[in-house]
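What follows is each chain in one-letter form.
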Amino acid sequence: MSALLEVRDLSVSFRQDGQLTQAVKGVSFAVERGETVALVGESGSGKSVSALSTVALLGDSAEVSGSVTYDGQQMIGADETLLRKVRGNDISFIFQEPMTSLNPLHTIEKQLAESLALHQGLAGAAARDRILELMNKVGINDAESRLGAYPHQLSGGQRQRVMIAMALANKPDVLIADEPTTALDVTIQAQILDLLKELKDSEGMGLLFITHDLGIVRRIADRVCVMQHGEIVEQGPTAQIFDNPAHPYTQKLLSAEPSGAPDPVPERAEEIVSTEHLKVWFPIQQGFLRRTVGHVKAVNNATISVRAGETLGIVGESGSGKTTLALAIMRLISSEGAITFMEQDVRRWSTRELRRLRKDMQIVFQDPFGSLSPRMTCFQIISEGLSIHKVDPNRDERELVHEVMLEVGLDPATMDRYPHEFSGGQRQRIAIARAMVLRPRLLVLDEPTSALDMTVQVQIVELLRGLQQKYGLAYLFISHDLKVVRAMSHKVLVMKRGDVVEYGDADALYDNPQTEYTRTLLQAAT
């Protein structure tokens, strides 16, 4: 008897400029009803291409061979009528980033109703009842009040729950989840994983789960397929793969977890930045006259201090105020309370006065591709700040860029390439080089590793610790990955809905958390 979804000897190549590039080579795996199979591997290993091949979603440039059967029906070469029936009905997808998968111009109700009308012919009150049932099933609180909401009005976790509701709308036999929790906080991630497991068990679905996070795999999968360079190098039961990995690449993935600790802060290290009772409140205005009727308390009464060579890890769920706090410290948004940067009270400084301090405070963002201009070369991106801030005007800019690229582990011979010609890890190194070329004293790192593979995360953590030791940098390290935070931080600040709920030495906080919220965060990360 064949499996519910069976892939045999699948190969996929893409034709571009008259040349064929092979993305998947002879891949075979199967998903049984009620089973979770995980496809794991680094970016570019062929995981998503293999999944999209199951219902012919790769486009005209793809050349596909081999066999993909769903419930005994051949999908490769199938006519469009059969594929339309299977897509979204029998086999559904949940993608990584719900904001790019949901239409920003349509309400949640309209987007969920579309699938029900297309595959089940439901409309009106019957469709609305089914939508409310789905939204309640995936744990969206006060579902009826959310029907008219647009995607941007929901949190990241709520948007992902909407995507799951859409995928479940037609009671599929197979659910393919492609990195569905990568950008989510640990508590939301744990909720989504528990929800998927519960729904799989109750609905009897087969689940194909694509991820680079092996911690998630161990928690959710029955079987694991490890992919490298388009091939499955090892597969088997989850316990067997984790306890006795046979392939060197699997062993490398399992060992790729940020560990260790940063070097101790020198006793007489100078204070780089501090705040006292920092507050960021955004007014809620209503009516024709835009009267202020309340405030969103994004940051409330935050008092911190960071010395040279010290890292303050800032953790908390989405919307807790982590990034807002950092932006206020950098004077990129308005705030109340004292901000002292390198012994200077900067809270009332004008934009012109702040300009001379800008080179000493730099920021590295979560998504390196989104923060790098696609029209500028690596050299232009890194060197832009040199001319603006008149850094070392007597030295050649290419020489300075050459030095900093070597320092962050990039080949200087690639400085005339564009961002799309680099991998995700290399692009993050470019973003770090852009900040480091100015020799700052404070570096804000806003989720700098969350979009990266585990092996690349380890490299970036080691790079950042090395740069901190060499230059005595002060870091504000914002992340929802508590393992990375522990490997990077001397002190940790825990935020919830704008309030500081815990602040202190990293080891003490991890070993003996003082609040229930911190304990919940740590528990969700294990």
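Residues numbered from 1 in each chain as written. Predicted model: local features only at pLDDT ≥ 70, side-chain atom pairs only at ≥ 80, totals over all residues. Heavy atoms only, no water.

Student: I'd like to hear about the overall build of the chain, residue by residue, with values.
Tutor: The number of helices and strands found in the chain is 21 helices and 20 strands. Since a compact globule built from 526 residues should have a radius of gyration of about 24 Å, the 25 Å found for the chain is in line with a globular shape. Dimensions of the chain along its principal axes, counting C-alpha atoms only, are 70 × 60 × 45 Å. Looking at the chain residue by residue over its 526 residues, the buried ones come to 52%. Computed over 55 positive and 67 negative side-chain charges, the separation of the two mean positions in the chain equals 6 Å. (Helix = DSSP H or I, 4+ residues; strand = E, 2+ residues; numbered from the N terminus. Rg over C-alpha atoms; globule rule 2.2 N^0.38 Å. Buried < 20%, exposed > 50% of the residue type's maximum accessible area, 1.4 Å probe, protein only. Lys, Arg positive; Asp, Glu negative; His and termini not counted. Charge placed at Lys NZ, Arg CZ, Asp CG, Glu CD.)

Student: Can you lay out the sheet that holds strand 3 (residues 36–40) for me, pointing to particular residues and giving the numbers?
Tutor: Spatial strand order, 6-7-8-3-9-10: 6 strands in an open sheet with mixed pairing. Strands at the two margins of the open sheet, each flanked by one partner only, are strand 6 (91–94) and strand 10 (231–237). Averaged over all pairs of adjacent strands, the angle between strand axes in this sheet comes to 15°, irrespective of strand direction. Contacts from helix 8 (residues 186–203) reach strand 3, strand 6, strand 7 (174–178) and strand 8 (206–211) within the one sheet, and its direction differs from that of strand 8 by about 155°. Relative to strand 9 (residues 223–228), helix 11 (residues 248–255) is tilted by about 105°, and along the sheet it contacts strand 9 and strand 10. (Pairing = 2+ DSSP bridges. Axes fitted to C-alpha atoms, helices over the stretch in contact; angles between N-to-C directions. Contact = heavy atoms within 4.5 Å.)

Student: Explain the sheet that holds strand 5 (residues 73–74) to me, and be specific about the residues and the numbers.
Tutor: Sheet strands associate in pairs through backbone hydrogen bonding, adopting either a parallel or an antiparallel arrangement. One open sheet accounts for 4 strands, arranged 2-1-4-5; its pairing is antiparallel. Where the open sheet ends on each side, the last strands, each with one partner, are strand 2 (19–31) and strand 5. Pairing of strand 1 (residues 5–16) with strand 4 (residues 62–70), which is carried by 8 bridges, proceeds in the antiparallel orientation. Along strand 4, the bridge assignment pairs F14 with A62.

Student: So, the pairing of strand 11 (residues 271–286): which residues are in play, and what are the values?
Tutor: Of the strand pairs in this sheet, strand 11 and strand 12 (residues 291–307) are connected by 12 bridges, and their pairing is antiparallel. Bridge assignment links Q285 to a residue of strand 12, and that residue is T292. Counting the residues in the hairpin turn of strand 11 and strand 12 gives 4 residues, including G287, whose phi is positive at 85°. Sheet analysis places strand 11 next to strand 14 (residues 336–341), joined by 5 bridges and oriented antiparallel. Residue pairing across strands places E276 opposite A338, the latter belonging to strand 14.

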